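Close look at the chain arrangement
In case you want the letters, here they are:
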Amino acid sequence: MTDISNRLARMIENDFSGEIKRTMRVAQSDVMALLSEYMDVTKLDMSVEKATDGFAVTITAAASRIYNVGKTSESD
C-alpha cells in the first residue's frame, strides 16, 4: 500500500473504532439503567471485540445486592 492508502485505512479504522466506542457508551448507560431495576450495581464493565462473524460483547456487573422481584402476575 502507498502512504496515502495506509493513512486512509487508519482513518477509516479510527472512525469505526470511535463509532463503536460511542455506541458502547450509550449501550452501557442503557444496560446500567436496566440492571439497576433489579440490583444495586456497584460496578459495570462492558467490552467489545471483533469476532469471526461479528462482535463479542462482554458485560460484567458487580452488585451489592439483588432485589426481590416478587410476583410477576396476580395469580398464585
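See the structure printed just above.
To keep things clear, this report deals only with the structure shown in the data block. What you see is a predicted model, and the numbers here were worked out from it, not measured in a lab.

**Considerations on the overall build of the chain**
Across its full length, the chain holds one helix and two strands. Listing every helix and strand of the chain by position from the N terminus yields α-β-β. Out of the 76 residues belonging to the chain, those deemed buried represent 11%. Excluding contacts between residues fewer than 6 apart, the proportion of contacts in the chain whose partners are at least 24 apart in sequence is 34%. For the chain, the exposed area adds up to about 6600 Å²; of that, 52% sits on carbon and sulfur atoms.

**With respect to the nonpolar core**
As a rule of thumb, soluble globular proteins bury nonpolar side chains together. Counting seven residues, the largest nonpolar core consists of Met-24, Val-31, Leu-35, Met-39, Val-41, Leu-44 and Met-46. Contributions of two or more residues to this core are made by α1 (3-36) and β1 (39-51). In terms of residues, this core owes the most to one element, β1, which gives four residues. Sequence-distant contacts of Leu-44, that is, excluding residues within four places in its chain, are made with Gln-28, Val-31, Met-32, Leu-35, Ile-59, Thr-60 and Ala-61.

**A few points about the pairing of strand β2 (residues 54-66)**
Inspection of the sheet shows β1 paired to β2 by twelve bridges, in the antiparallel sense. Across the sheet, the residue bridging to Asp-45 is Thr-60, located in β2. Between the antiparallel neighbours β1 and β2 lie two residues.

**Considerations on a nonpolar patch on the surface**
On the surface, a cluster of nonpolar side chains totalling about 310 Å² of accessible area is made up of Leu-34, Tyr-38 and Val-69. Mapped onto the fold, Tyr-38 is located in the loop between α1 and β1. Overall, Tyr-38 belongs to the partly exposed group, its relative accessible area being 42%.

**Observations concerning the environment of Val-57**
On the secondary structure map, Val-57 appears in strand β2. Separated by eleven residues in sequence, Val-57 and Met-46 place their C-alpha atoms 7.0 Å apart. Once you skip the residues sitting within four places of it in the chain, Val-57 turns out to touch Met-24, Met-46, Ser-47 and Val-48.

Reading the values: the criteria
- Throughout this description, residue numbers start from 1 for each chain and increase along the sequence as written.
- Note on the predicted model: pLDDT of at least 70 is required for a residue's local features to be given, and 80 or more for side-chain atom pairs to be given and counted; whole-chain, interface and lining totals, by contrast, use all residues.
- Only hydrogens and water are set aside; all other atoms, that is, all heavy atoms of the structure, feed into the side-chain values.
- Only DSSP runs of H or I reaching four residues or more are called helices, and only runs of E reaching two or more are called strands; each is numbered from the N terminus.
- Burial here depends on accessible area, computed with a 1.4 Å probe over protein chains only, as a share of the maximum for the residue type. Under 20% is buried, over 50% is exposed, and the range in between is partly exposed.
- Note on contacts: a residue pair qualifies if any of its non-hydrogen atoms lie within 4.5 Å across the two residues.
- For every accessible area listed, the method is Shrake-Rupley and the probe measures 1.4 Å; residues are considered covered only by the protein chains on display.
- We define the nonpolar core as a collection of buried residues of types Ala, Val, Leu, Ile, Met, Phe, Trp, Tyr and Cys that are connected through side-chain atoms lying within 4.5 Å of one another.
- Paired strands, as defined in this entry, are two strands with at least two bridges between them according to DSSP.
- Patches here: salt-bridge-free residues with over 30% relative accessible area, like charges joined within 9 Å, nonpolar side chains (Val, Leu, Ile, Met, Phe, Trp, Tyr) joined within 5 Å.
- Salt bridges, as used here, are contacts in which a Lys or Arg side-chain nitrogen is within 4 Å of a carboxyl oxygen on Asp or Glu.

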